Amino acid sequence: MAAPRYRVSVIGSGNWGSAIAKIVGENTAGNPNEFDLNVRMWVFEEMVDGKKLTETINSKHENVKYLPGIRLPDNVVAVPDLIDCVSGSDILVFNVPHQFLPRICSQLKGKIPATVRAVSCIKGVELSADGITLIATYITEQLGIYCGALSGANLAPEVAQEKFSETTIAYKIPNPADTISQKTIKALFHRPYFHVNVINDLAGVSLAGALKNIVALASGFVDGMDWGDNAKSAIIRRGLLEMTQFSREFFPESESSTFTEESCGIADVITSCAGGRNHKLGVAMIKTKKPVFELEELLLKGQKAQGVTTAQEVHAFLLKRGKTADFPLFTAVNDIIFNGLDSSALPRILEQVEIQVD
Ligand SMILES: NC(=O)C1=CN([C@@H]2O[C@H](COP(=O)(O)OP(=O)(O)OC[C@H]3O[C@@H](n4cnc5c(N)ncnc54)[C@H](O)[C@@H]3O)[C@@H](O)[C@H]2O)C=CC1
Ligand SMILES: O=C(CO)COP(=O)(O)O
């Protein structure tokens, strides 16, 4: 009997969504025994230069708004209808700014067979009255399918230009009878220029990707104040410690080594504090004093900086638990964005507590 050829859909077509669709399209084309050639990519439809974005993507093979200048493989097909996009697929790749996920899941609920498998490339968390849920876990809870997580030091424009980077995927086989293995998942994402390491630590990979966006904003603040490289390294060190402590304390199944050894940990903090959108926004906030969401629109032109909402969500979670004092950097980032705290207070705030990680 011939082995199954898995059909893959990518849900999302922003800066990272399009770059990941390019990778997946290259790999389905390169592994015809394992994957169906065509990759459907869900596009939140909008008019760009008087034309539907899906039509432009399918005729020019370029996402002219969110990943301009990069040719997408011909086998990546833009689809405006979410249900059409996922129907008949075996593997779903979720890649949207995290604030849009609940609506997407509510549209998909009850329509996905339990045998479908998913990977989330989203960097964020889901906040509810009960607390914080990992994005992958949220997808599992909403759709009844297993979901892993991909996260790493992966600025989308660099990955799309095929400049070398590494990434981490957390994927555990949920059912011994599954034919979609860690090897299958690696074959879907690994490229000569995009090296994948598959591990088991779903909480560590997911939280590293979400929390580093808060640290990247803080690094933008110190660069906005022109405080130099020593200050930025201090923010990176303290940020990584708070990220690890948060994960170990609230998700004890996470592993410290994920933060120190994997691309999704230290490497992503360094990358994001050097060149990411959250960093850029942090710099601009200090230099211009303009409101954060006005700057996001102005600078990112429809792209999103996830650190702003994540800082707010993590703060609400810590406040409810009386734990803000244990996470002074996370708390200060929220207070600088939303409560008018002066960023020059960072050294005084960080002096008060030294983080302990087991
Ligand atoms: N861009 C990057 O370099 C990287 C991003 N990520 C993460 O990937 C995830 C997706 O980010 P990007 O693809 O960069 O997105 P993006 O920041 O480019 O956001 C724009 C996307 O949001 C969509 N959108 C706007 N309004 C919407 C709505 N109401 N409903 C649904 N979609 C809507 C747009 O159509 C567009 O596809 C985020 O969690 C981000 O943190 C991870 C690694 C790298
Ligand atoms: O996650 C990223 C790089 O790994 C992208 O970070 P930004 O969203 O801050 O651009």
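So what's going on with the domain arrangement of the protein chain? Which residues, and what values?
What the domain assignment lists for the protein chain is domain 1 (6–200) and domain 2 (210–351). The straight-line distance from the C-alpha centre of domain 1 to that of domain 2 is 26 Å. For the pairing of domain 1 and domain 2, the buried interface totals around 2,100 Å² over both sides, and the portion due to carbon and sulfur atoms is 61%. For the domain 1 face of the interface with domain 2, the top three residues by lost area are Lys123, Ile132 and Leu155, together amounting to 25%. There are 1 salt bridge connecting domain 1 and domain 2. Note that aspartate 268 and lysine 123 form a salt bridge whose closest N and O atoms lie 2.8 Å from each other. Secondary structure elements with two or more residues in the side of domain 1 that touches domain 2: β8 (125–128), β9 (131–134), β11 (165–170) and β12 (194–199). Among the residues making up the side of domain 1 that touches domain 2, the classes are represented as 11 nonpolar, 11 polar and 4 charged.

Any chance you could break down the side chain of arginine 191 for me, citing the residues and the numbers?
Mapped onto the secondary structure, arginine 191 falls in the loop between α7 (182–189) and β12. A polar contact is formed between the side chain of arginine 191 and the side chain of asparagine 27, at a distance of 2.7 Å. In this view, arginine 191 contacts Ile23, Glu26 and Asn27; residues no more than four positions away in its chain are not counted.

Lay out the site of ligand 2 in plain terms, naming residues and giving numbers.
Taken together, Lys123, Gly152, Ala153, Asn154, Leu155, Lys212, Asp268, Ser272, Gly276, Arg277 and Asn278 form the complete shell of residues around ligand 2. The contact in question runs from an oxygen atom of ligand 2 to an N or O atom on the side chain of lysine 212, over 2.8 Å. Here an oxygen atom of ligand 2 sits 2.8 Å away from a polar atom, N or O, in the side chain of asparagine 278. Calculation on ligand 2 without its partners gives an accessible area of 310 Å², and the protein chains cover 92% of this total. With respect to the detected pockets, ligand 2 is housed in the largest pocket. Sorting the residues of the shell around ligand 2 by element identifies α11 (263–275) and α12 (277–288) as the ones contributing at least two each. Considering only residue class, the shell around ligand 2 consists of 2 nonpolar, 5 polar and 4 charged. When residues are assigned to domains, the shell around ligand 2 turns out to be shared by domain 1 (6–200) and domain 2 (210–351), each giving three or more.

Quick one: what's the story with the state of the cysteines, residue by residue and with numbers?
Counted according to the given criterion, the structure contains 0 disulfides. Cysteine 105 supplies the cysteine sulfur nearest to cysteine 85, a cysteine that is in no disulfide, at a spacing of 14 Å. Of all cysteine sulfurs, the one in cysteine 147 lies closest to cysteine 121, which takes part in no disulfide; the gap is 8.8 Å.

Run through the sheet that holds strand β5 (residues 76–79), naming residues and quoting values.
Spatially, β5-β2-β1-β6-β7-β10-β11-β12 is the arrangement adopted by the 8 strands of the open sheet, whose pairing is mixed. Two strands bound the open sheet, and with one partner strand each, they are β5 and β12. Ignoring strand direction, the axes of neighbouring strands in this sheet form an average angle of 25 degrees. Strand direction decides the pairing type here: strand β1 (residues 6–11) and strand β2 (residues 35–42), joined by 5 bridges, are parallel. Among the inter-strand pairings, isoleucine 11 is bridged to a residue of β2, identified as tryptophan 42.

Tell me about the nonpolar core, and name the residues and values.
Grouped together as the largest cluster of nonpolar side chains are 79 residues, with contacts concentrated most on Phe94 and Phe246. No other element matches the 13 residues that helix α8 (residues 202–224) contributes to this core. Once residues lying within four places of it in the same chain are set aside, the contact partners of phenylalanine 246 are Ile132, Leu207, Leu211, Phe251, Val314, Phe317, Leu318, Phe327 and Phe330. Core analysis: the second largest hydrophobic core is formed by 42 residues, Ile23, Val48, Leu67 and Ile169 among them.

Residue-level account of the pattern of salt bridges, with values.
Tallying each qualifying case throughout the model produces 11 salt bridges. Ionic pairing is found between aspartate 223 and lysine 232, a salt bridge with its closest N-O pair at 2.7 Å. For lysine 232, a relative accessible area of 16% corresponds to the buried category. A salt bridge links lysine 287 to aspartate 226, with the nearest nitrogen and oxygen atoms 3.2 Å apart. Of the two residues, lysine 287 sits in helix α12 while aspartate 226 sits in the loop between α8 and α9 (228–250), which places them 61 residues apart along the sequence.

Break down the pairing of strand β6 (residues 91–94) for me, with residues and values.
Both faces of β6 are covered, namely the face carrying Ile91 and Val93 and the face carrying Leu92 and Phe94. Bridge analysis of β1 against β6 gives 4 bridges, and the strand direction is parallel. Across the sheet, the residue bridging to isoleucine 11 is phenylalanine 94, located in β6. Sheet topology places β6 next to strand β7 (residues 117–120); 4 bridges connect them, and they run parallel. Across the sheet, the residue bridging to isoleucine 91 is arginine 117, located in β7. With respect to chirality, the unit in which β6 leads through helix α4 (residues 101–108) into the neighbouring parallel β7 is right-handed.

Run through the site of ligand 1, naming residues and quoting values.
Neighbouring ligand 1 are 24 residues; Asn15, Lys123, Ala156, Arg277 and Lys304 lie closest to it. Arginine 277 is positioned such that a nitrogen or oxygen atom in its side chain is 2.9 Å from an oxygen atom of ligand 1. At 3.1 Å from an oxygen atom of ligand 1 is found a side-chain nitrogen or oxygen belonging to glutamine 306. Starting from 850 Å² of accessible surface for ligand 1 in isolation, the protein chains cover 90%. Because more than half of its atoms lie within 2 Å of the grid, ligand 1 is assigned to the largest pocket. For the shell around ligand 1, a count of residues per class yields 11 nonpolar, 9 polar and 4 charged.

Procedures and definitions
- Residues numbered from 1 in each chain as written.
- Chains lettered and ligands numbered in written order.
- Predicted model: local features only at pLDDT ≥ 70, side-chain atom pairs only at ≥ 80, totals over all residues.
- Heavy atoms only, no water.
- Domains from an automatic or database assignment.
- Buried area = accessible area lost by both parts, 1.4 Å probe.
- Salt bridge = Lys/Arg side-chain N within 4 Å of Asp/Glu carboxyl O.
- Helix = DSSP H or I, 4+ residues; strand = E, 2+ residues; numbered from the N terminus.
- Nonpolar A, V, L, I, M, F, W, Y, C, P; charged D, E, K, R; others polar.
- Polar contact = N/O pair within 3.5 Å; in protein donor to acceptor, adjacent residues only side chain to side chain.
- Contact = heavy atoms within 4.5 Å.
- Near = heavy atom within 4 Å.
- Areas by Shrake-Rupley, 256 points an atom, 1.4 Å probe, with all protein chains shown as cover.
- 1 Å grid on protein atoms, 1.4 Å probe; cavity = no way out; pocket = protein on both sides within 12 Å on 5 of 7 lines; lining within 4 Å.
- Sits in = over half its atoms within 2 Å of the grid points.
- Disulfide = S-S within 2.5 Å.
- Pairing = 2+ DSSP bridges.
- Axes fitted to C-alpha atoms, helices over the stretch in contact; angles between N-to-C directions.
- Core = buried A, V, L, I, M, F, W, Y, C linked by side-chain atoms within 4.5 Å.
- Buried < 20%, exposed > 50% of the residue type's maximum accessible area, 1.4 Å probe, protein only.
- Right-handed = clockwise from strand over helix to strand, strands pointing away.

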